[in-house]
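These are the residues of each chain, in order.
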Amino acid sequence: MWFNPIMRTLLRSPLHSLVSKDMMLMTYTGRKSGKSYTTPMSYLTIEGSLYTISTRERTWWRNLRGGAEVELRLQGQDVPAWAESIEDQAEVAQLLEKIFVADPRMASYMDVRISPEGNPNSEDVVRLAQEKVVVSTILK
């Protein structure tokens, strides 16, 4: 994406606090190429885990199948972590629900209706789980 180089530079700079509340850099190794890649991504922290949502069409998350060691640039610090892509639609739907309860703005951004009680619409979540994967990351 055109803004990735800008976000990489900003997240590594002293000005990172402008975006690092919900944006981070993840550095991972390509499974086939063995090359190192650094990708900016949004995240949400719930119960000590960081969650990122990606579309199934993208390919970067495939490098995290089965779990992989990664390095994060998180709020101005380099932090080792373990990340794993979650593709199973039922598990993705459960995680999306959890994410949307924690951050209803994200649900709105992804066209998921929220009930007055704060619960995401199940049909919307199931539909979205067909299009998305979730990456779960735990700090070491």
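These numbers come from a predicted model, not from an experiment.

Novice: When you look at the environment of Pro14 in this model, what are you seeing that I'm missing?
Specialist: You can see Pro14 is positioned in the loop between helix H1 (4–12) and strand S1 (23–29). Separated by 80 residues in the primary sequence, Pro14 and Gln94 have C-alpha atoms spaced 36 Å apart.

Novice: What's the story with the pairing of strand S6 (residues 77–86) in this structure? I'm lost.
Specialist: Every regular strand shows the same layout, with side chains that alternate between the two sheet faces. Pairing geometry for strand S5 (residues 68–74) and S6, over 7 bridges, is antiparallel. In the sheet register, Glu69 faces S6, and the bridge partner there is Trp82. The turn linking S5 back onto S6 is made up of 2 residues, and Gln75 within it adopts a positive phi angle of 50 degrees. Across 6 bridges, S6 lies against strand S7 (residues 132–139) in antiparallel orientation. Across the sheet, Ile86 pairs through a bridge with Val134, a residue of S7.

Novice: Is there a simple way to think about the packing of helix H2 (residues 89–102) against helix H4 (residues 122–129) in this case?
Specialist: Close contact between H2 and H4 brings their axes to 8 Å; oriented N to C, the two are set at 125 degrees. Relative to H4, H2 is oriented oblique. Like other packed secondary-structure pairs, H2 and H4 cross with a definite hand, here right-handed. The residues of H4 that touch H2, namely those facing Gln89, Val92, Ala93, Leu96, Glu97 and Phe100, are Ser122, Val125, Leu128 and Ala129. Here the contact of H2 with H4 is composed, by residue class, of 7 nonpolar, 2 polar and 1 charged.

Novice: Explain the pairing of strand S2 (residues 36–42) here, please?
Specialist: In the sheet, S1 pairs with S2 via 7 bridges, with the strands oriented antiparallel. Looking across to S2, one finds that Met23 is bridged to Ser42. The hairpin turn running from S1 into S2, its antiparallel successor, is 6 residues long, and Gly34 in that turn takes a positive phi close to 75 degrees.

Novice: Any chance you could explain the pattern of salt bridges here in plain terms?
Specialist: For side chains bearing opposite charge, pairing can occur when the charged atoms are close. Tallied over the full model, the rule gives 6 salt bridges. The closest approach of N and O atoms between Glu87 and Arg65, which form a salt bridge, is 2.8 Å. Placement of Glu87 in the loop between S6 and H2 and of Arg65 in the loop between strand S4 (49–55) and S5 is noted, with a sequence separation of 22 residues between them. Residue classification places Glu87 among the partly exposed residues on the basis of a relative accessible area of 27%. When the shortest N-O distance is used, the salt bridge between Lys140 and Glu69 registers 3.3 Å. Here Glu69 lies in strand S5 and Lys140 lies in the segment after S7, a separation of 71 residues in the sequence. Each member of the pair Lys140 and Glu69 is classed as exposed.

What counts and how
Residues numbered from 1 in each chain as written. Predicted model: local features only at pLDDT ≥ 70, side-chain atom pairs only at ≥ 80, totals over all residues. Heavy atoms only, no water. Helix = DSSP H or I, 4+ residues; strand = E, 2+ residues; numbered from the N terminus. Pairing = 2+ DSSP bridges. Axes fitted to C-alpha atoms, helices over the stretch in contact; angles between N-to-C directions. Parallel < 35°, antiparallel > 145°, perpendicular 65-115°, else oblique. Left-handed = near helix turned anticlockwise from the far one by under 90°. Contact = heavy atoms within 4.5 Å. Nonpolar A, V, L, I, M, F, W, Y, C, P; charged D, E, K, R; others polar. Salt bridge = Lys/Arg side-chain N within 4 Å of Asp/Glu carboxyl O. Buried < 20%, exposed > 50% of the residue type's maximum accessible area, 1.4 Å probe, protein only.

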